[in-house]
2 protein chains.
Amino acid sequence: MSNCIVAQSGGPTSVINATIAGIVRANQMNPIYEHVYGGLNGIEGILQERFVDLTDMSDEENRILRQTPSSALGSCRYKLKRDNVADFEKLFSIMEKYDVETLFYTGGNDSMDTVAALSEYAKAHQISGRRFVGCPKTVDNDLMITDHCPGFPSAAKFIATTALQTWLDVNVYTRQEVFILETMGRDAGWLAASACLSGHVDVLILPEQAFDKELFLKRVAACVRETNKCYVVVSEGAHYGDGTYIAAGEATNDGFGHAKLGGAAKALEAMILDSGVANRCKVQDLSSAQRCHASEQSLVDVTESYELGMAAHMRSMDKEFTGKMIGIRRREEGPYDVEFFAVDADQVANYVKHFPEEWILPELKGITEEGYNYLRPLIQGTPEIIMKDGLPAYVTPYYMR
Amino acid sequence: MSNCIVAQSGGPTSVINATIAGIVRANQMNPIYEHVYGGLNGIEGILQERFVDLTDMSDEENRILRQTPSSALGSCRYKLKRDNVADFEKLFSIMEKYDVETLFYTGGNDSMDTVAALSEYAKAHQISGRRFVGCPKTVDNDLMITDHCPGFPSAAKFIATTALQTWLDVNVYTRQEVFILETMGRDAGWLAASACLSGHVDVLILPEQAFDKELFLKRVAACVRETNKCYVVVSEGAHYGDGTYIAAGEATNDGFGHAKLGGAAKALEAMILDSGVANRCKVQDLSSAQRCHASEQSLVDVTESYELGMAAHMRSMDKEFTGKMIGIRRREEGPYDVEFFAVDADQVANYVKHFPEEWILPELKGITEEGYNYLRPLIQGTPEIIMKDGLPAYVTPYYMR
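The shown structure was predicted, so the numbers you read here are calculated from the model rather than taken from an experiment.

### A few points about the overall build of chain A
Link 1 in the chain: On a plain count of helices and strands, chain A comes out with 13 helices and 13 strands.
Link 2 in the chain: The C-alpha atoms of chain A give a radius of gyration of 22 Å, which matches the 21 Å a tight globule of 401 residues would have.
Link 3 in the chain: Oriented by its inertia axes, the alpha-carbon framework of chain A measures out at about 70 × 45 × 45 Å.
Link 4 in the chain: Considering chain A as a whole, with its 401 residues, one finds that 64% of them fall into the buried category.
Link 5 in the chain: Long-range contacts, defined as pairs at least 24 residues apart, comprise 77% of the intrachain contacts of chain A with a sequence gap of at least 6.
Link 6 in the chain: Only carbon and sulfur atoms are counted for the fraction: they give 48% of the accessible area of chain A, which is about 14700 Å².
Link 7 in the chain: Chain A carries 38 positive and 55 negative side-chain charges, and their two centres are separated by 3 Å.

### Looking at unusual backbone geometry
Link 1 in the chain: We note that A:Ser70 has phi near 70°; this positive angle belongs to a residue other than glycine.
Link 2 in the chain: Relative to the elements of secondary structure, A:Ser70 occurs in the loop between helix 3 (59-67) and helix 4 (85-97).
Link 3 in the chain: Under the relative-accessibility criterion, A:Ser70 is labelled buried at 1%.
Link 4 in the chain: For B:Asn41, which is not a glycine, the phi torsion comes out positive at approximately 55°.
Link 5 in the chain: Of the residues examined, B:Asn41 reaches a relative accessible area of 2% and is grouped as buried.

### Some remarks on the relation of the copies chain B and chain A
Here the second copy of the chain follows from the first by a rotation about an axis and a shift along it.
Link 1 in the chain: With an RMSD of 0.0 Å, the operation that places chain B on chain A is a rotation of 180° combined with a shift of 0.0 Å along the axis. What we have between these two chains is a two-fold relation.
Link 2 in the chain: Both copies share a contact surface, since 100% of the interface residues of chain B are interface residues in chain A too.

### Side note on helix 4 (residues 85-97) of chain B
Residues and elements named next belong to chain B.
Link 1 in the chain: Taking 1.5 Å per residue, 13 residues should reach 18 Å; helix 4 reaches 18 Å between its end C-alpha atoms and fits that length.
Link 2 in the chain: Of all the positions in helix 4, only Asp87, Phe88, Leu91, Phe92, Ile94 and Met95 are classed as buried. End-on, the buried residues of helix 4 take up no more than an arc of 160°, which puts them together on one face. Residues Ala86, Glu96 and Lys97 are exposed on helix 4 and point more than 90 degrees away from its buried face.
Link 3 in the chain: In the stretch just after helix 4, Asp99 is the one whose phi turns positive, near 50°.

### Regarding the interface of chain B and chain A
Link 1 in the chain: Between chain B and chain A, the residue contacts involve 67 residues of the former and 68 residues of the latter.
Link 2 in the chain: Taken together, both faces of the contact between chain B and chain A bury some 5100 Å²; the carbon and sulfur share is 56%.
Link 3 in the chain: Run the count over chain B and chain A and you get four salt bridges.
Link 4 in the chain: Residue B:Arg376 is joined to A:Asp389 by a salt bridge in which the shortest nitrogen-to-oxygen separation is 3.5 Å.
Link 5 in the chain: Taken together, chain B and chain A are joined by 43 residue pairs in polar contact (both at pLDDT 80 or more).
Link 6 in the chain: The element contributing the most residues to the side of chain B that touches chain A is helix 6 (residues 152-170) of chain B, with eleven residues.
Link 7 in the chain: For the side of chain B that touches chain A, the residue count by class is 28 nonpolar, 24 polar and 15 charged.

### Considering a negative patch on the surface
Link 1 in the chain: A surface patch of like charges, here negative, comprises A:Glu357, A:Glu358, A:Glu369 and A:Glu370.
Link 2 in the chain: Position of A:Glu358 relative to the elements: it lies in the loop between strand 11 (338-344) and helix 13 (369-375).

### Description of the sheet that holds strand 9 (residues 281-285) of chain A
All names here are of chain A.
Link 1 in the chain: If you walk across this open sheet you meet the four strands as 7-8-6-9, and the pairing is parallel. Of all strands in the sheet, those with a lone pairing partner are strand 7 (203-205) and strand 9, marking the two edges. Across the sheet, the mean angle separating the axes of adjacent strands is 15° when strand polarity is ignored.
Link 2 in the chain: Across three bridges, the pairing between strand 7 and strand 8 (residues 229-235) is parallel. Across the sheet, Ile205 pairs through a bridge with Val234, a residue of strand 8.
Link 3 in the chain: Against the sheet, helix 8 (residues 213-227) contacts strand 6 (177-183), strand 7 and strand 8, and its axis sits at roughly 150° relative to strand 8.
Link 4 in the chain: Strand contacts of helix 10 (residues 264-275): strand 6, strand 7, strand 8 and strand 9, with the helix running at about 155° to strand 6, the strand carrying the most contacts.

### Observations concerning the domain arrangement of chain A
Residues and elements named next belong to chain A.
Link 1 in the chain: Per the domain assignment, the segments making up chain A are domain 1 (3-138 + 297-351 + 384-400) and domain 2 (152-292).
Link 2 in the chain: Just the C-alpha atoms count here: the centres of domain 1 and domain 2 sit 34 Å apart.
Link 3 in the chain: In this complex, domain 1 contributes eleven residues to the contact, which on the side of domain 2 involves six residues.
Link 4 in the chain: In total, about 710 Å² of surface goes out of reach between domain 1 and domain 2, with carbon and sulfur atoms giving 48% of it.
Link 5 in the chain: Our count for the contact surface shared by domain 1 and domain 2 stands at zero salt bridges.

### Quick notes on the pattern of salt bridges
Link 1 in the chain: Throughout the structure, instances matching the rule amount to 42 salt bridges over all chains.
Link 2 in the chain: Ionic pairing is found between A:Lys79 and A:Asp113, a salt bridge with its closest N-O pair at 3.7 Å. Taken together, the positions of A:Lys79 in the loop between helix 3 and helix 4 and A:Asp113 in helix 5 (residues 109-124) put the pair 34 residues apart, joining distant regions of the chain.
Link 3 in the chain: A:Lys79 gets classed as partly exposed once you look at its relative accessible area, which sits at 34%.
Link 4 in the chain: Relative accessible area serves as the criterion here: at 6%, A:Asp113 is assigned to the buried category.
Link 5 in the chain: Here A:Asp169 ties to B:Arg291 by a salt bridge, and the two come within 2.7 Å at their closest N and O atoms. Placement of the pair is A:Asp169 in helix 6 (residues 152-170) and B:Arg291 in helix 11 (residues 289-292), with the two residues belonging to separate chains. The exposure classification of A:Asp169 matches that of B:Arg291, with both residues buried.

### Structural notes on the pairing of strand 1 (residues 3-8) of chain A
Each regular strand displays side chains that alternate between the two surfaces of the sheet.
All names here are of chain A.
Link 1 in the chain: Most of strand 1 sits out of view: six of its six residues are buried.
Link 2 in the chain: Side chains Asn3, Ile5 and Ala7 project from strand 1 onto one buried face, and the interleaved Cys4, Val6 and Gln8 project onto a second face that is buried too.
Link 3 in the chain: Where strand 1 lies against strand 4 (residues 100-107), six bridges are found, and the strand directions are parallel. Within strand 4, the residue paired with Asn3 across the bridge is Val100.
Link 4 in the chain: With four bridges joining them, strand 1 and strand 2 (residues 36-39) adopt parallel strand pairing. Looking across to strand 2, one finds that Cys4 is bridged to Val36.
Link 5 in the chain: In this fold, the crossover linking strand 1 to strand 2 by way of helix 1 (residues 16-29) has right-handed handedness.

### Section: the sheet that holds strand 10 (residues 324-330) of chain B
For sheets, the rule is that strands pair by backbone hydrogen bonds, running either parallel or antiparallel.
Residues and elements named next belong to chain B.
Link 1 in the chain: Spatially, the seven strands line up as an open sheet ordered 3-2-1-4-5-10-11, and their pairing is mixed. Each edge of the open sheet is held by one strand with a lone partner, namely strand 3 (51-53) and strand 11 (338-344). Each adjacent strand pair in this sheet contributes to an overall mean axis angle of 30°, direction not counted.
Link 2 in the chain: On the sheet, helix 1 (residues 16-29) packs against strand 1 (3-8), strand 2 (36-39), strand 4 (100-107) and strand 5 (131-136) and is oriented at approximately 170° with respect to strand 1.
Link 3 in the chain: Sheet strands touched by helix 12 (residues 299-315): strand 4, strand 5, strand 10 and strand 11. Its angle to strand 11, the strand with the most contacts, is close to 50°.

### Things to note about helix 8 (residues 213-227) of chain B
Residues and elements named next belong to chain B.
Link 1 in the chain: In this model helix 8 runs 21 Å from its N-terminal to its C-terminal C-alpha over 15 residues, within 8% of the 21 Å that 1.5 Å per residue would give.
Link 2 in the chain: Looking at the buried residues of helix 8, the elements they touch are strand 6 (177-183), strand 7 (203-205), strand 8 (229-235) and helix 10 (264-275).
Link 3 in the chain: Measuring from the side-chain oxygen of the N-cap residue of helix 8 to the backbone nitrogen of Glu214 gives 3.1 Å; that N-cap residue is Asp212.
Link 4 in the chain: Positive phi appears at Asn228, one or two residues downstream of helix 8, with a value of about 75°.

Rules and cut-offs
Residues numbered from 1 in each chain as written. Chains lettered and ligands numbered in written order. Predicted model: local features only at pLDDT ≥ 70, side-chain atom pairs only at ≥ 80, totals over all residues. Heavy atoms only, no water. Helix = DSSP H or I, 4+ residues; strand = E, 2+ residues; numbered from the N terminus. Rg over C-alpha atoms; globule rule 2.2 N^0.38 Å. Buried < 20%, exposed > 50% of the residue type's maximum accessible area, 1.4 Å probe, protein only. Contact = heavy atoms within 4.5 Å. Areas by Shrake-Rupley, 256 points an atom, 1.4 Å probe, with all protein chains shown as cover. Lys, Arg positive; Asp, Glu negative; His and termini not counted. Charge placed at Lys NZ, Arg CZ, Asp CG, Glu CD. Least-squares fit on C-alpha atoms with pLDDT ≥ 70 in both. Expected span 1.5 Å × (residues − 1). Arc of directions from axis to C-beta. Buried area = accessible area lost by both parts, 1.4 Å probe. Salt bridge = Lys/Arg side-chain N within 4 Å of Asp/Glu carboxyl O. Polar contact = N/O pair within 3.5 Å; in protein donor to acceptor, adjacent residues only side chain to side chain. Nonpolar A, V, L, I, M, F, W, Y, C, P; charged D, E, K, R; others polar. Patch = residues over 30% accessible without salt bridge, like charges linked within 9 Å, V, L, I, M, F, W, Y side chains within 5 Å. Pairing = 2+ DSSP bridges. Axes fitted to C-alpha atoms, helices over the stretch in contact; angles between N-to-C directions. Domains from an automatic or database assignment. Right-handed = clockwise from strand over helix to strand, strands pointing away.

What follows is the structure in structure tokens.
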């Protein structure tokens, strides 16, 4: 009996570990692999033969792993380049050395490209018995074909919850006040849009539309005139028509030393104060917390991430199953439910799924009912969290053991 | 039978509403007041006769109020000045008009000063039947005499949880990385210190000690040399020996336009990158979220805040009870438990309780075991949260109804 490796790549999420937990558990239920190895720090660590053995993980550890945010196996930004033959040869020789038949790789765009490249290489070089399966994850929710990506719903829930809470916070004084919440999302506005679930976003700025400063200031002024407040949400990737990020633009215009010092929210704050449409602004940049604040894990998300891992394992019984990613399809009828399906990884790699233009209301007024109908089912349910001394119990990262 | 008013002042917290809920509930159990009015936006709104009637609040609303962060009655920064006789006369005439015997005021330093000033005024002018009771709240935990302030434990729990989660996040890559978490705390380091509960703070910078840039960079360099990472926590109030905030200092030195653009963490980031002790830094400023992210309400905190409101109501049966604040005393023996006591509000007003110097480890290495023993019991327990459509259910602020 051969073995398998699971590994993680790209930015962490609140539920990425649940996919690993699902693969490990599925193999305990139906041991088609003798060992389930964890490859540390993605392809980077696999090339250095850095493995842990996850095969006999206890049920308790599996449960705690599912509630642990970030990447318990460590991650990497290392991208296998198709012309780097040395890397490919090394990887296949390591798979042979450890008798690894299947590599499960969780990640985003780049990781799906890695899955596609490796399976193509195997096919082109007629290497049999080495297979590659992708499991999607990304808080950005920008992968094609799959209805959504594990990790996004929990990040969306954290953002919506924080928007609701900070909206309550910013309203307590009678004074005039503008609040600007900045979310991740360099190319796609899914995360910023999810703040609308709070029900209190006055102005929403997404990377899907060219930023119009005049319109923005007009909208803020109108809100402030009406309610003395304005709640703004901006995606870090918001940009002008020519592609310049609003952060970069403002940083330059205002003569700051480094563009890195200005986020999109800070840039908007400067516009508001400079123009005089409001005299008080507060900024909250959710930064790293939005992708790892597992306190807001959505039960839907963590369950799907776990089951997706199981589905990947089950489907890998088919000896022809390689170069595929497991996607999530939402049932068209009835209450929210999903099924898993397989798609060629190269159909997903290197594309970006944007927040649909037709779900964006005009004049920065937020999202349509279709947008809400898409988002709302994803954030439902709260998993029971095992606590330890007042804080959530998390596994020690495997790369630190 | 006369009436009472409850009102809120200063910055919001995750559990300030539980004190209101406790007062309302105590009056339902033992109706010593005919009406429990909510004064909107603190003294500011009371002077404008803006009231709601909370007397018959349903049990369900009371439960949801307890889990609602921020100030459901609205807040103010308005400070009654002792020489502003017009305000005092107006307030007493409004109390007479609405037959209000007792004003319960939740807040920090300034609010306790208001409680003291009003009861002194009544005494000096021989006005009987008008009484003033303070209920402490502040995420900063800087009030004297009371063991701690409701609101602080939940903020501490959010900070510790987020520190744990972002520490997991920052470690996933093998690359060199410094992470800097900025907390509130302009004068006192309680909030920043609570990040140590995560178990992963390498460098802690509190306002209680003059900032030593050389020592700071030395410590970061040592951490990076040893582990390739460094997790830094800084209080927004960190300052040099001459009192200059490190944020302000760096903002000026680097030639930025506005000091408001530079937080303490950003200033530290600039120091690290400029000095070359590390080449990669990430910053997370917890900003407003830390005082309203009620997803991390500590059960200890919300229970104490509720019971403190009840205790204030019960003690106000005594017709001599005025000019007092209800404090929390930790039992000295046995497992963590508290009792409530009364203290003259003027003993609390206008002082700051600092994080004890003797609990600070040398060389920015964090806090002592005494510090942990103080903090740890406060963050225990997770209240059951009533959810609504995937997000926590919160009351509509009374000032918006």
